[in-house]
Amino acid sequence: MFKSENFEIHCLRDNRWMIETSIGSQSEAEAFARKMLEKKDVFGVKVVRERKGSSGNTSESVVFSKTKEKREEKVQITPVDAAPMCEEAEDCYGMASRMVLNRLFRQYFDKQNITPMEVMHNYREFKRLQDSDSLMTSAIGMLATLQAQAGGMNATQRRDTLYKFLKEMSDRVRDIESSPLPSIKLLGVDEVMKKIAPKAGEDKGNAEFLFRAAVSRDLIDIRSFIGKLDRALMWADDSQDDEAAQLLDDFVCDVLGAAEVVQELLGDQPNLFAALSRLLDLAEGKWDAPPPGAAAPSVDGPKAAAAAEADAAEEDRAVKIGRLIVNGKLPNTGRVLMERVRLQLQGTNPLMRSDPEQEVPCFRQLLDRLVPDNGKIVGGTDMIEALVQRKSRIMNRGGSAGFRAAAGWIAMVMLNPARKARFCIALTQTATGKQYPNESFGLIDDMFVKVESIADIAKARVPPNERMAAITQVWNEFRAAPIPLEFADRVCTRLDDLLLHYIKSERILEKIDDPSRPLRLRTMMLMKLCLPTSLPPGKASDLARGIIIDKLKRPNFEGEVVADISDPTEKAKAQRDIFLLMRQAGFM
């Protein structure tokens, strides 16, 4: 006698069976399964009957199963929107170029389970890609067009140059095809590096090429990306040769171009926000292993134990990547992971599909992490571009107006003035910022020039010295910014005017130079106000400096300034402190 009966519908997608839904009726479940099989991305369905007896025991059986033949889709290149300019064939082996190739030939690489680095260093694979329909022709045509547009050159001439590079690379890898190279599997990474050095002679570039070829020969027979990743990580971890480890970093980077590898590393994530947060953890080397017992199986048995063991191996893999990034052995791996964050952030998938009301709060959390109060912008100007595009999509506004609205919203929620300045400056360097200069530079005007007082910039309720220091930090950001000098001068001049007005209206100098205070304290406070971190060079600083200079002109200043101290030792120390402060403030 069965207490309950349920029917699970399983669908085969991307070579994985996943539960789609559960239905109480077998006939309805089978009808739903047949309907699901009509979808393009579903290649098999099955209905699993689950019965629960009155004793609590559960039994499962497949009552319906059907698959369809997966059609072989034509492999095509994946369009890219930009490509770095290679000046010579050697540049094509570089990180930036391979990141583009990894996206451009993604379908081909996934089908062949191979990486750009392996193709470039194995003649058989190089030739196979060249002979694959019109892939290479289409790719070179796209790259030539993008590079010609970016560099202001003739697209036909650029295409000819790329074909020249292709021939040079083909000849180079063909020439070593029959050359014996030491095996890393047999000798280890460091020993192979030692044996390759004499073969390469004095040419360091050739030594690196031969080493990469040796690595490729050992990886080429591993027909899974995860297998390649594990082998490259093991070699990098074992190597005591920093140069060898960093060359292996190239292979790790290429493997991480496969979405399935990243998915395996991250595991199941509830939403895109969680996935991006974990990707950032991994890229920054902050991935921590779970506490002991956290991943323990919920049921007993060999199957559960094997699953727990597999989960532990995957976690260890991510922890190892994080550790090697922190240790400097994988300098570019973090960059590749960060690029994946950027691409996903710039994409159309919502951060919180199941809870749209959390979209903006989650965006704020990513914004706080990618554009911190202190330090550099994570991911540079490309990440700023992605953030603005994401926000404009949330606001459902496009074009120049959408760009300005999204960027303005981001700037407004940044309370730290220097952080806001860094964002606005970076915005002018983005592709969209350059496309809409009136909007990007106009935002700087709105935030820092067309304001009534420094309270409109430094809004936090802080003491006057901290508020002036915050404006000074903004001044320093613009003085060092890669923007037109005349524009930077205009912003800095306005900031100096605002500081001058604040000092006068709040009677800052009069309060500091209160005659009831000892001369020593007044002098030191005024000198601290003249430090580069307190006030920038300009009218506001000159006002304070004028008062100090008048005091320094006193005939017996050295004695008067420490007259409130009676102890000779303390008096000498105070004089040294004042002279040190004078030097730091530029009075000596």
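Structure report, in brief. (Residues numbered from 1 in each chain as written. Predicted model: local features only at pLDDT ≥ 70, side-chain atom pairs only at ≥ 80, totals over all residues. Heavy atoms only, no water.)

1. Comments concerning the packing of helix α26 (residues 519–529) against helix α27 (residues 539–552)
Moving on, step 1. Where α26 meets α27, the axes come as close as 9 Å, and the angle between the chain directions of the two elements is 140 degrees. Between α26 and α27, the crossing angle belongs to the class labelled oblique. Once α26 is placed against α27, the crossing between them reads as left-handed. Judged by residue contacts, Leu 519, Arg 522, Thr 523, Leu 526, Met 527 and Leu 529 of α26 engage Ala 544, Ile 547, Ile 548, Lys 551 and Leu 552 from α27.
Moving on, step 2. Partitioning the contact of α26 with α27 into residue classes produces eight nonpolar, one polar and two charged. (Axes fitted to C-alpha atoms, helices over the stretch in contact; angles between N-to-C directions. Helix = DSSP H or I, 4+ residues; strand = E, 2+ residues; numbered from the N terminus. Parallel < 35°, antiparallel > 145°, perpendicular 65-115°, else oblique. Left-handed = near helix turned anticlockwise from the far one by under 90°. Contact = heavy atoms within 4.5 Å. Nonpolar A, V, L, I, M, F, W, Y, C, P; charged D, E, K, R; others polar.)

2. Here's the deal with the packing of aromatic side chains
Moving on, step 1. On inspection of all chains with the given rule, the structure shows seven aromatic pairs.
Moving on, step 2. With a centroid separation of 5.2 Å and 70 degrees between ring planes, the pair formed by Phe 448 and Phe 478 is classed as edge-to-face. Of this pair, Phe 448 sits in helix α22 (residues 437–449) while Phe 478 sits in helix α23 (residues 464–479), and the two are 30 residues apart along the sequence. There is no split in this pair, since Phe 448 and Phe 478 are both buried.
Moving on, step 3. Sitting over the face of the ring of Trp 409, Lys 391 holds its NZ or CZ atom 3.7 Å from the ring centroid. (Phe/Tyr/Trp six-rings, centres within 6.5 Å; stacked < 30°, edge-to-face > 60°. Buried < 20%, exposed > 50% of the residue type's maximum accessible area, 1.4 Å probe, protein only. Lys NZ or Arg CZ within 6 Å of the ring centre and 35° of its normal.)

3. Examining the layout of surface pockets
Moving on, step 1. By volume, the second largest pocket is sized at about 260 Å³.
Moving on, step 2. Contributions of two or more residues to the lining of the second largest pocket are made by α23, α25 (508–512) and α26.
Moving on, step 3. Looking at which element gives the most residues to the lining of the second largest pocket, the answer is α23, with four residues.
Moving on, step 4. Considering only residue class, the lining of the second largest pocket consists of seven nonpolar, two polar and three charged. (1 Å grid on protein atoms, 1.4 Å probe; cavity = no way out; pocket = protein on both sides within 12 Å on 5 of 7 lines; lining within 4 Å. Points joined across faces, edges and corners; volume = space filled by probe spheres on them.)

4. Digging into the nonpolar core
Moving on, step 1. Core analysis: the biggest nonpolar cluster contains 171 residues, and Phe 105, Phe 211, Val 261, Ile 384, Phe 423, Phe 448 and Phe 478 have the highest contact counts within it.
Moving on, step 2. Looking at this core element by element, the count peaks at ten residues for helix α24 (residues 485–505).
Moving on, step 3. Contacts of Phe 211, omitting those with residues within four sequence positions, involve Ile 184, Val 189, Val 192, Met 193, Ile 196, Ala 244, Leu 247 and Leu 248.
Moving on, step 4. Counting twelve residues, the second largest nonpolar core, distinct from the first, contains Phe 7, Ile 9, Ala 29 and Val 42. (Core = buried A, V, L, I, M, F, W, Y, C linked by side-chain atoms within 4.5 Å.)

5. Quick notes on the environment of Asp 81
Moving on, step 1. Note on placement: Asp 81 falls in the loop between β4 (58–67) and α2 (95–104).
Moving on, step 2. A residue is classified by how much of its surface remains accessible, and Asp 81, at 53% relative accessible area, is exposed.
Moving on, step 3. Leave out the neighbours within four places in its chain, and Asp 81 touches Arg 103, Leu 146 and Gln 346.

6. Observations regarding unusual backbone geometry
Moving on, step 1. The phi dihedral of Asn 113 falls on the positive side, at around 50 degrees, and the residue is not glycine.
Moving on, step 2. Here Asn 113 is to be found in the loop between α3 (106–112) and α4 (116–120).
Moving on, step 3. Positive phi values are uncommon outside glycine, yet Arg 507 reaches one of about 50 degrees.
Moving on, step 4. Positionally, Arg 507 belongs in the loop between α24 and α25.

7. Notes on the pattern of salt bridges
Moving on, step 1. Applying the stated rule across the entire model yields 37 salt bridges.
Moving on, step 2. Here Asp 171 ties to Arg 174 by a salt bridge, and the two come within 3.3 Å at their closest N and O atoms. Here Arg 174 and Asp 171 lie together in helix α7 (residues 155–175), a separation of three residues that amounts to about one turn.
Moving on, step 3. Where Lys 539 meets Asp 497, a salt bridge forms, and the shortest distance between an N and an O atom there is 2.4 Å. Note that Lys 539 is positioned in helix α27 and Asp 497 in helix α24, a separation of 42 residues in sequence.
Moving on, step 4. The class for Lys 539 is partly exposed, based on a relative accessible area of 41%.
Moving on, step 5. What you see here is one network of salt bridges that share partners, running through Arg 278, Asp 281, Glu 284, Lys 286 and Arg 369. (Salt bridge = Lys/Arg side-chain N within 4 Å of Asp/Glu carboxyl O.)

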